[in-house]
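The chain contents come next:
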Amino acid sequence: MRIHVAHSPDSDDAFMFFALAKGHVDTKGFEFVHVLSDIETLNRAAFNGKYEVTAISIHAYAHLHDRYILLPHGASMGSNYGPVVVARTDGPDALDGVSVAIPGTLTTAFLALKLYRPDVETVVMPFD
């Protein structure tokens, strides 16, 4: 049986799937095909059920919980790790009158930013 495992090419996803990708895990006869793509593309593909296993943003998962289940491992956010806003100056005023690049409108980064500053202007810039 062939199972597509879709994830982003960033380092935390690469770490999570390294052993499987390099054949260091007994797959019990299952064939795993790795698909690498940016997170927003994976979020959008999940709405179509394109991959059996896929990385998606927690924001996208809120819309997909009836189609996918969360695996008990792997996350690109946690204590002192996750989406951050990088600005020339510190503080909320740094976002006044500027456009903030986001990796997609279904990403956790977008959701967190909009919860923090609903009025901030955004522009999608693919993460990859």
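Within every chain, residues take consecutive numbers counted from 1 along the sequence as written. Where totals are concerned, whole chains, interfaces and linings use all residues; where local detail is concerned, this predicted model gives features only for residues with pLDDT of at least 70, and gives and counts side-chain atom pairs only at 80 or more. For the side-chain quantities, the full set of heavy atoms in the structure was used; hydrogens and water were omitted.

**Student:** Describe the side chain of Ser37, with residues and values.
**Tutor:** Helix and strand definitions follow DSSP, with helices as H or I runs of at least four residues and strands as E runs of at least two, each counted in order from the N terminus. With respect to the helices and strands, the residue Ser37 is situated in the loop between strand S2 (31-36) and helix H2 (39-47). Apart from residues no more than four positions distant in its own chain, Ser37 is found in contact with His7, Ser8, Pro9 and Leu42. Residue contacts follow a heavy-atom distance rule, with two residues in contact if any of their heavy atoms lie within 4.5 Å.

**Student:** Lay out a nonpolar patch on the surface in plain terms, naming residues and giving numbers.
**Tutor:** On the surface, Ile58, Leu70 and Met77 cluster together into a nonpolar patch covering about 280 Å² of accessible area. Take Leu70: it is sitting in the loop between helix H3 (58-64) and strand S4 (99-102). Exposure above 30% relative accessible area and no salt bridge define the residues that can form patches, which grow by joining like charges within 9 Å and nonpolar side chains of Val, Leu, Ile, Met, Phe, Trp and Tyr within 5 Å. All accessible areas in this document rest on Shrake-Rupley with a 1.4 Å probe, and a residue is counted as covered only by the protein chains that are shown. Salt bridge, as used here: a side-chain nitrogen of Lys or Arg that lies within 4 Å of a carboxyl oxygen of Asp or Glu.

**Student:** Any chance you could break down the environment of Thr107 for me, citing the residues and the numbers?
**Tutor:** By the element assignment, Thr107 lies in the loop between S4 and helix H4 (108-116). Think of it in three bands: residues with accessible area under 20% of the maximum for their type are buried, residues over 50% are exposed, and the middle band is partly exposed, with areas taken using a 1.4 Å probe on protein chains only. Exposure remark for Thr107: the relative accessible area of 2% places this residue in the buried category. With 64 residues separating them in the primary sequence, Thr107 and Asn43 have C-alpha atoms 7.8 Å apart. Among all residues touching Thr107, those that are not within four sequence positions of it are Ile39, Glu40, Asn43, Ser57 and His59. Pairs of N or O atoms within 3.5 Å make up the polar contacts considered here, provided that, within protein, one atom can donate a hydrogen while the other can accept it, and that residues adjacent in sequence are counted only when both atoms are side-chain atoms. A polar contact of 2.7 Å, which involves the side chain of Thr107, links it to the backbone oxygen of Gly104.

**Student:** Give a detailed account of the pairing of S4, specifying residues and quantitative values.
**Tutor:** Alternating positions in S4 separate cleanly, Val100 and Ile102 being buried on one face and Ser99 and Ala101 remaining unburied on the opposite face. Handedness rule for crossovers: strands pointing away from the viewer, path from the first strand over the helix to the second running clockwise, crossover right-handed. At this point the chain moves from S4, through H4, to the parallel strand S5 (residues 121-124), and the crossover so formed is right-handed.

**Student:** For the nonpolar core, give the residues involved together with the corresponding values.
**Tutor:** Among the nonpolar cores identified, the biggest contains 7 residues, and these are Ala6, Val35, Ile39, Leu42, Ala45, Tyr51 and Ala55. With 3 residues, the top contributor of residues to this core is H2. If near-sequence neighbours (up to four positions away) are discounted, Leu42 is found in contact with Ala6, His7, Ser8, Ser37, Tyr51, Thr54, Ala55 and Ile56. Residues grouped as a nonpolar core are buried Ala, Val, Leu, Ile, Met, Phe, Trp, Tyr and Cys residues, joined through side-chain atoms within 4.5 Å.

**Student:** Give me the pairing of S5: which residues, what numbers.
**Tutor:** When DSSP locates at least two bridges between a pair of strands, those strands are taken to pair. Alignment of S4 against S5, held across 4 bridges, turns out to be parallel. By the bridge assignment for S5, Ile102 is matched with Val124.

**Student:** An account of the pattern of salt bridges is requested, with residue identities and associated values reported.
**Tutor:** Scanning the model with the defined rule gives 6 salt bridges in all. The salt bridge partner of Glu40 is Arg44, with a shortest N-O separation of 2.9 Å. Linking Glu40 with Arg44, this pair stays in helix H2, spanning 4 residues, or about one helical turn. Residue Arg44 is classed as partly exposed on the basis of its relative accessible area of 43%. Arg117 is the salt-bridge partner of Asp96, the closest N and O atoms lying 2.7 Å from each other. Highlighted residues: Asp96 in the loop between H3 and S4 and Arg117 in the loop between H4 and S5, separated in sequence by 21 residues. Asp96 gets classed as partly exposed once you look at its relative accessible area, which sits at 44%. Here the salt bridges share partners, and the residues they tie into one network are Asp96, Arg117 and Asp119.

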